[in-house]
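Each chain, letter by letter, is given below.
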Amino acid sequence: MEYIEPPPVSKLDEEEPKENIRKGLIKEEGQHKIVIQKAQIRDVEEILELVNGFAALNLMLPRGPQYLYENIRDFVIASDRNVPVYSLTETREVLHLIVACGSLHVLWEDIAEIRALAIHPDYQQMGLGSKLVEVMQEEAEQLGIRRLFTFTMTEDFFKTLGFRRQNREELPPKVWGECSRCPKYFNCDEVGMVLDL
Ligand SMILES: CC(C)(COP(=O)(O)OP(=O)(O)OC[C@H]1O[C@@H](n2cnc3c(N)ncnc32)[C@H](O)[C@@H]1OP(=O)(O)O)[C@@H](O)C(=O)NCCC(=O)NCCS
C-alpha cells in the first residue's frame, strides 16, 4: 500500500491580489502613455470588465464572453503602457492596463455600427473616445463602408464627432438586430445617430 501526501495548500496571504493589481496601479494624469491597437483573445476578460462596469450603471448594453470571442476582430483597445499588468498565467508576461475599447461591426454593404465604446472613468475627457471613433471610422472607410451608425445615451459626445440624430422610422431594419437581445427592449432610452463617410 502506498501513501501519497496531499498537495500543499497555498496560504491566503501568499496569493496574488488579483483585483488590486490593476486598480492600484493607475497613475496620475500626465503620466499616461496610451497605445491603440486591435484587440486580441487575451484582452477579452479586461474588455468585459470595462464594458460591464458601465452596463451595471445602465449606460451600455452588457456583453458576455461568447459575444466577445465571436466578435473580437471588431474590437480596438487602448492600453496605458505606463501601467504594467502581469499576466497571472505561468508566463508572467507583461501586459498593459486596458483603459478603453470600442468595436466596429459591419451590418450590411453600406453601413457599420459602433458598439461597446467604453473609456475607463480615470481616462475620460482626454480625447480617447474621439480617437477610438476616428480609428474605427478610418477602418470603415478602408472597408468601403459609407455610413456609421450607433445607438447611444451620450448624444452630445457623438455630435461633437459630426454624428446626427436620426428618427427611429428612418433607421434601416438591419440596425435593430441587437435590440431583441437588449434588456431595455421595452423601455429604450438610447438614440440612433449616423455619420455619412
Ligand atoms: C462617452 C465617452 C465614450 C466619451 O469618451 P471621452 O474619451 O471621455 O470623450 P472625449 O474626451 O473624446 O470628448 C470629446 C468631446 O465630447 C464631449 N463629451 C465627452 N463625454 C461626453 C458626455 N458624456 N456627454 C456630452 N459630451 C461629452 C467632450 O466634452 C469633448 O467635447 P469638446 O471636444 O468640445 O471638448 C466616455 O465618457 C464613456 O466611455 N462613457 C461611459 C460609457 C458610454 O456612455 N459609452 C457611450 C457609447 S454607448
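Residues numbered from 1 in each chain as written. Predicted model: local features only at pLDDT ≥ 70, side-chain atom pairs only at ≥ 80, totals over all residues. Heavy atoms only, no water.

Looking now at a nonpolar patch on the surface. A cluster of nonpolar side chains, Leu57, Leu59 and Met153, forms an exposed patch at the surface whose accessible area comes to about 280 Å². Considering the arrangement of structural elements, one finds Met153 in the loop between β5 (147–152) and α5 (155–160). (Patch = residues over 30% accessible without salt bridge, like charges linked within 9 Å, V, L, I, M, F, W, Y side chains within 5 Å. Areas by Shrake-Rupley, 256 points an atom, 1.4 Å probe, with all protein chains shown as cover. Salt bridge = Lys/Arg side-chain N within 4 Å of Asp/Glu carboxyl O. Helix = DSSP H or I, 4+ residues; strand = E, 2+ residues; numbered from the N terminus.)

Now for the site of the ligand. Neighbouring the ligand are 17 residues; Ile119, Gln125, Gly127, Gly129 and Ser130 lie closest to it. In this structure, Ile119 approaches the ligand through a main-chain N or O atom, which is 2.8 Å from an oxygen atom. A distance of 3.2 Å is found between an oxygen atom of the ligand and a backbone nitrogen or oxygen belonging to Met126. Burial of the ligand by the surrounding chains reaches 71%, relative to a free accessible area of 890 Å². When atoms are counted within 2 Å of each cavity's grid points, the one that captures over half of the ligand is the largest pocket. Residue assignment for the shell around the ligand shows that the elements contributing at least two residues are β4 (111–119), α4 (128–143) and α5. (Near = heavy atom within 4 Å. Polar contact = N/O pair within 3.5 Å; in protein donor to acceptor, adjacent residues only side chain to side chain. 1 Å grid on protein atoms, 1.4 Å probe; cavity = no way out; pocket = protein on both sides within 12 Å on 5 of 7 lines; lining within 4 Å. Sits in = over half its atoms within 2 Å of the grid points.)

For the rest of this paragraph, the subject is unusual backbone geometry. Even without being a glycine, Ala116 presents a positive backbone phi close to 50°. The residue Ala116 is located in strand β4 in this model. Residue Gln125 is not a glycine yet carries a positive backbone phi of 60°. The residue Gln125 is located in the loop between β4 and α4 in this model.

Ranked by size, the top nonpolar core spans 26 residues in total, and within it Leu148 and Phe163 carry the most contacts. Among the elements of the structure, β2 (75–86), β3 (94–108), β4, α4 and β7 (191–196) are those that each provide at least two residues to this core. Look past the residues within four positions of Phe163 in its chain and what remains in contact with it is Ile114, Val133, Leu148, Thr150, Phe158, Met193, Val194 and Leu195. Residues Val44, Leu50, Phe75 and Ala118 belong to the second largest nonpolar core, which totals 17 residues. (Core = buried A, V, L, I, M, F, W, Y, C linked by side-chain atoms within 4.5 Å. Buried < 20%, exposed > 50% of the residue type's maximum accessible area, 1.4 Å probe, protein only. Contact = heavy atoms within 4.5 Å.)

So, on to the packing of aromatic side chains. Applying the stated criterion across every chain, the model contains four aromatic pairs. Between Phe151 and Trp176, the aromatic rings sit 5.4 Å apart at their centres with planes inclined by 45°, giving tilted as the arrangement. Pair noted here: Phe151 is in strand β5 and Trp176 is in the loop between β6 (164–165) and β7, with a separation of 25 residues, a long-range link. Assessed through its relative accessible area of 14%, Phe151 is described here as buried. A residue is classified by how much of its surface remains accessible, and Trp176, at 27% relative accessible area, is partly exposed. Residues Phe157 and Phe158 carry aromatic rings whose centres are separated by 5.0 Å and whose planes lie at 75° to one another, so their mutual orientation is edge-to-face. What makes Phe157 partly exposed here is its relative accessible area of 24%. A network of ring pairs unites the aromatic residues Phe149, Phe151 and Trp176 as a single cluster. One residue, Arg63, lies across the ring of Tyr67, its end atom 4.1 Å from the ring centre. (Phe/Tyr/Trp six-rings, centres within 6.5 Å; stacked < 30°, edge-to-face > 60°. Lys NZ or Arg CZ within 6 Å of the ring centre and 35° of its normal.)

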